[in-house]
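A structural walkthrough
So you can see what is in the structure, the chains are spelled out below.
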Amino acid sequence: MKNKYAIFIVGPTGVGKTAMAVRVAGALGTEIISADSRQAYKELNIGTAVPGTEYLSRVRHHLVHHRSVQDKYNASMFEVEALQIMEKLFREHDTVVIAGGSGLYIQALIVGIDDVPGVDPEIRKRLLERLYDEGLESLRFELKKLDPDSWASIDLKNPARILKALEISLTTGKPYSSFLTKKSKHRDFSTLKIGLNMDRAALYARIDERVEDMMEDGLLDEVKSCLAYRDLNALNTVGYKELFDYLDGRISLDVAVRLIKRNSRRYARRQLTWFNRDDEIAWFGPDRFEEIMDHIHRNAQTGYQI
RNA sequence: GGUCGGUUUGCCGAGUGGCUAGGCGCUGGUCUGCAAAACCAGUUACAGCGGUUCGAAUCCGCUACCGACCU
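These numbers come from a predicted model, not from an experiment.

With domains assigned, chain A is organised as domain 1 (5-114 + 183-299) and domain 2 (121-179). If you average the C-alpha positions of domain 1 and of domain 2, the two centres end up 31 Å apart.

Here is the structure:
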């Protein structure tokens, strides 16, 4: 299957990944898998910039709106689901387009993510309480006892990382680090990574504009309809959390919109940080369709034709 | 014209003689299951000129600008 190509289209939010993915997939006569941690949730539409119906009707999309915000979803589940879909698609196509901005999800799909046992929810709850009552130092101390390897390698100032290592170590009775193989999984397809980027100021302007569009399209109503789910992780998302604060009366609508813009810009910056360290990515402007197709033809000898 | 108050980094805002305020913004970075998450780092300025002093954002003088009041 080495003559099967997974073509990744990555980049910061708002740069135009969806539009480019549809053109590329259309030209290649294949389908698109979304690698986006928030577009997976069917309750979220406007705030997550899910591809519009005109796009969805032109090219078939997978892993969009296939989950509820009430479901658990993570990079590992994405890996499994995406691989299943790719296997199916590769029976009929030489290429498949994977578009999205969730770096960890894409990494999980390309090099894999180790199988780590599930966590006892009670243990997580207790750890969270301890974090609140005793502080990070206490958890750090316990981690050093239970899993010195993780203690030495993870960011000890980051509660999320310590919690993760600790809860796995506690539920399994084995150190978290013992589950990490640090080896890439074998994939039976080839990979081609295309990054979309543009001038920072122009990107920010696009992001700001898109936020205005979202508000006009009724983002506030969508957020209201999700009010019952506000504590779920799926709603810990730019565009939603700020408007929850507005609905609480904590901030004005103007401030909320401003914060959505700012947080979207920051998100874009972090995405670029993530993708920039991957030198396998070939970067293009978001309007460079011809160059991207040339690049694909030069690097993927599959014999298909446009 | 006079009196008084003010002028601090991109913005807000402390600081009255020697020690990095801080916040926001911005930028760079980290990353194996909540990742649109979580976390780390950087960003040293005191309106201008002159003076006092070992040393001035802090004291003195002049100039400029802003504001309040007076004539």
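Having put the structure on the table, let's press on.
It is worth spelling out the protein's contact with RNA strand B at this point. Around RNA strand B, 44 residues are found, and the nearest of them are Ser37, Thr48, Ser76, Ala160 and Asn233. Secondary-structure elements contributing two or more residues to the surface near RNA strand B are helix H3 (75-92), helix H4 (103-110), helix H8 (159-172) and helix H12 (253-276). Top element by residues in the surface near RNA strand B is H12. It accounts for 10 residues. Grouping the amino acids of the surface near RNA strand B by side-chain chemistry returns 11 nonpolar, 18 polar and 15 charged.

A word on H4. Summarising burial for H4: six of the eight residues are buried, a large majority. Residues of H4 that are buried include every one of Gly103, Tyr105, Ile106, Ala108, Leu109 and Ile110, and no others. Buried positions along H4 lie against strand S1 (5-10), H3, strand S4 (95-99), strand S5 (190-196) and H12. Downstream of H4 by one or two residues, glycine 112 has phi in the positive range, about 90°.

What follows is about the pairing of S4. The two faces of a sheet get side chains in turn, since along a regular strand they alternate between them. For S4, a buried count of five out of five residues is recorded, marking the element as mostly surrounded by other parts of the structure. Of the two faces of S4, the one lined by Thr95, Val97 and Ala99 and the one lined by Val96 and Ile98 are each fully buried. Note: S1 against S4, five bridges, orientation parallel. Paired with alanine 6 across the strands is valine 96, a residue of S4.

Glycine aside, residues mostly have negative phi, and peptide bonds are mostly found in the trans state. Positive phi values are uncommon outside glycine, yet alanine 49 reaches one of about 55°. As for its placement among the helices and strands, alanine 49 is situated in the loop between strand S2 (32-34) and helix H2 (53-58). At leucine 63, a position not held by glycine, the phi torsion is positive, near 60°. By secondary structure assignment, the location of leucine 63 is in the loop between strand S3 (61-62) and H3. Under the C-beta neighbour-count criterion, leucine 63 is labelled buried, with 21 such atoms within 10 Å.

Relative to the 24 Å expected for 17 residues at 1.5 Å per residue, helix H9 (residues 200-216) spans 25 Å between its end C-alpha atoms, a close match to the ideal helical length. For H9, the set of buried residues is Leu203, Ile207, Val211 and Met214. Looking straight down H9, one finds that the buried residues subtend no more than 80° of arc, so they occupy a single side. Residues of H9 that are exposed and angled more than 90 degrees away from the buried face: Ala201, Ala202, Glu209, Glu212, Asp213 and Glu216.

Attention shifts here to the sheet that holds S3. An order of S3-S2-S4-S1-S5-S6 is seen for the six strands of this open sheet, with the pairing classed as parallel. The sheet is open, and its two borders are formed by S3 and strand S6 (281-284), each paired with just one other strand. In this structure, S5 lies alongside S6, joined through four bridges in parallel fashion. Note on S6: the bridge partner recorded for leucine 196 is phenylalanine 284. Sheet strands touched by helix H1 (residues 17-28): S1, S2, S4 and S5. Its angle to S4, the strand with the most contacts, is close to 175°.

What follows concerns the nonpolar core. Among the nonpolar cores identified, the biggest contains 59 residues, and Ile7, Ile9, Ala21, Val24, Val97 and Ile98 are the most heavily contacted of them. Contact partners of isoleucine 9, with chain neighbours within four places excluded, come to Lys17, Met20, Ala21, Val24, Val97, Ala99, Ile194 and Leu196. Leu139, Leu143, Trp151 and Ala165 belong to the second-largest nonpolar core, a separate cluster that totals 10 residues.

Moving on, we come to the confidence of the model for chain A. Per-residue pLDDT for chain A averages 92, and the proportion of residues at 70 or more is 97%. Within chain A, the element-level pLDDT minimum falls on helix H5 (residues 121-134), averaging 87, and the maximum on S2, averaging 97. Under the prediction, the complex receives an ipTM of 0.88, its pTM being 0.89.

In this section: the packing of helix H6 (residues 136-146) against H8. The contact between H6 and H8 brings their axes to 10 Å, and the two run at 45°. Here H6 is positioned oblique relative to H8, judged by the angle of their axes. Crossing handedness for the pair H6 and H8: left-handed. Residues Leu136, Leu139, Arg140, Glu142, Leu143 and Leu146 of H6 form the contact with H8, whose participating residues are Pro159, Ile162, Ala165, Leu166 and Ser169.

Calculation rules
Residues numbered from 1 in each chain as written. Chains lettered and ligands numbered in written order. Predicted model: local features only at pLDDT ≥ 70, side-chain atom pairs only at ≥ 80, totals over all residues. Domains from an automatic or database assignment. Near = placed C-beta within 6 Å. Helix = DSSP H or I, 4+ residues; strand = E, 2+ residues; numbered from the N terminus. Nonpolar A, V, L, I, M, F, W, Y, C, P; charged D, E, K, R; others polar. Buried ≥ 20, exposed ≤ 12 C-beta atoms within 10 Å, placed from the backbone. Contact = placed C-beta atoms within 7 Å. Pairing = 2+ DSSP bridges. Expected span 1.5 Å × (residues − 1). Arc of directions from axis to C-beta. Axes fitted to C-alpha atoms, helices over the stretch in contact; angles between N-to-C directions. Core = buried A, V, L, I, M, F, W, Y, C linked by C-beta atoms within 7 Å. pLDDT = per-residue confidence, 0-100. Parallel < 35°, antiparallel > 145°, perpendicular 65-115°, else oblique. Left-handed = near helix turned anticlockwise from the far one by under 90°.

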